[in-house]
Amino acid sequence: MAKNDANKTIPPQKALERLQYLCARQEKCTHDLVQKLRQWGLAQADIDRIVGRLTSDGYVDDNRFAKLYVREKSRINKWGPLKLRAMLASKGIAKEIIDQAFDALGESENPNILFDLLNKKMAQVKAKNRFDLRNKLIRFGASRGFALDEVIDTVNRLLGAEE
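Okay, so let's go over this structure. Remember, it's a predicted structure, so these values are computed and weren't measured experimentally.

**Section: the packing of aromatic side chains**
Each aromatic ring pair is described using two quantities: the centre-to-centre distance and the angle formed by the ring planes. Summed over the entire model, instances satisfying the criterion amount to 2 aromatic pairs. Seen from their ring centres, Tyr69 and Trp79 are 6.4 Å apart, and the 65 degrees between their planes marks the pair as edge-to-face. Highlighted residues: Tyr69 in helix 4 (residues 62-75) and Trp79 in the loop between helix 4 and helix 5 (81-90), separated in sequence by 10 residues. Each member of the aromatic cluster is reached from another via a ring pair, and the members are Phe65, Tyr69 and Trp79. Arg85 extends its terminal NZ or CZ atom over the ring of Phe102, reaching a point 4.2 Å from the ring centre. Lys121 extends its terminal NZ or CZ atom over the ring of Phe140, reaching a point 4.9 Å from the ring centre.

**Things to note about the state of the cysteines**
Scanning all chains against the criterion turns up 0 disulfides. Unpaired in terms of disulfides, Cys23 finds its nearest cysteine sulfur in Cys29, a separation of 9.6 Å.

**Some remarks on the pattern of salt bridges**
Side chains bearing opposite charge may pair, as long as their charged atoms lie close to each other. Under the criterion given, the structure shown has 8 salt bridges. For Asp57, the salt bridge identified is with Arg53, shortest N-O distance 3.0 Å. As a salt-bridge pair, Glu72 and Arg71 come within 3.5 Å of each other at their nearest N and O atoms. One salt-bridge network, in which partners are shared between bridges, spans Arg85, Lys95 and Asp99.

**Looking at the environment of Met122**
Examined against the element boundaries, Met122 turns out to sit in helix 7 (residues 113-124). Separated by 15 residues in sequence, Met122 and Leu137 place their C-alpha atoms 6.9 Å apart.

**Section: helix 2 (residues 30-39)**
Considered for burial, the residues of helix 2 that qualify are Asp32, Leu33, Val34 and Leu37. Its buried side turned inward, helix 2 meets helix 1 (12-25), helix 3 (44-56) and helix 4. A positive phi of about 80 degrees marks Gly41, the residue just after helix 2.

**Re unusual backbone geometry**
Glycine aside, the phi torsion of most residues is negative, and most peptide linkages are trans. The phi torsion at Lys78 lies on the positive side, around 60 degrees, for a residue other than glycine. Looking at the element boundaries, Lys78 is found in the loop between helix 4 and helix 5. For Lys78, a relative accessible area of 32% puts it in the partly exposed group.

**Description of the environment of Pro81**
Mapped onto the elements, Pro81 comes out in helix 5. Pro81 sits in the partly exposed class, given a relative accessible area of 35%. Separated by 65 residues in the primary sequence, Pro81 and Phe146 have C-alpha atoms spaced 6.2 Å apart. The residues contacting Pro81, other than those within four sequence positions of it, are Phe102, Gly145 and Phe146.

So, how was this worked out
Residues numbered from 1 in each chain as written. Predicted model: local features only at pLDDT ≥ 70, side-chain atom pairs only at ≥ 80, totals over all residues. Heavy atoms only, no water. Phe/Tyr/Trp six-rings, centres within 6.5 Å; stacked < 30°, edge-to-face > 60°. Helix = DSSP H or I, 4+ residues; strand = E, 2+ residues; numbered from the N terminus. Lys NZ or Arg CZ within 6 Å of the ring centre and 35° of its normal. Disulfide = S-S within 2.5 Å. Salt bridge = Lys/Arg side-chain N within 4 Å of Asp/Glu carboxyl O. Buried < 20%, exposed > 50% of the residue type's maximum accessible area, 1.4 Å probe, protein only. Contact = heavy atoms within 4.5 Å.

Here it is in structure tokens:
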């Protein structure tokens, strides 16, 4: 799609075909599809009909999206549970679906992910002193979506091991 097509109104059938193609290539959530349809200037009735059709045909499933999103973002981007929950909530995913996605992830994921992440960051960060290093590592861990108490404990373990 050309950039100048983005703001033009397109017929509902063409929108359905575009979204079928898009959903076949990449997992999407209902919220993303609704935003795209609004961007294309479709009426709310058409949006509801198209999203209903995509859902019934299996092109879009918020449960499937949430499970994949949690798994991929935690493995590849090394995001913590707080950031993942916030991002899914911002996409309009229900709390129950988010909880199910985390249950499906389970504890099988690398339990040392935060330790490894902070250890790698510690080698890269430039700090004036130990206090500055500690603060930078805590901020980094918290920005990745890990609980503050977990980040502080891990930073203390790292800096204690360094001595």
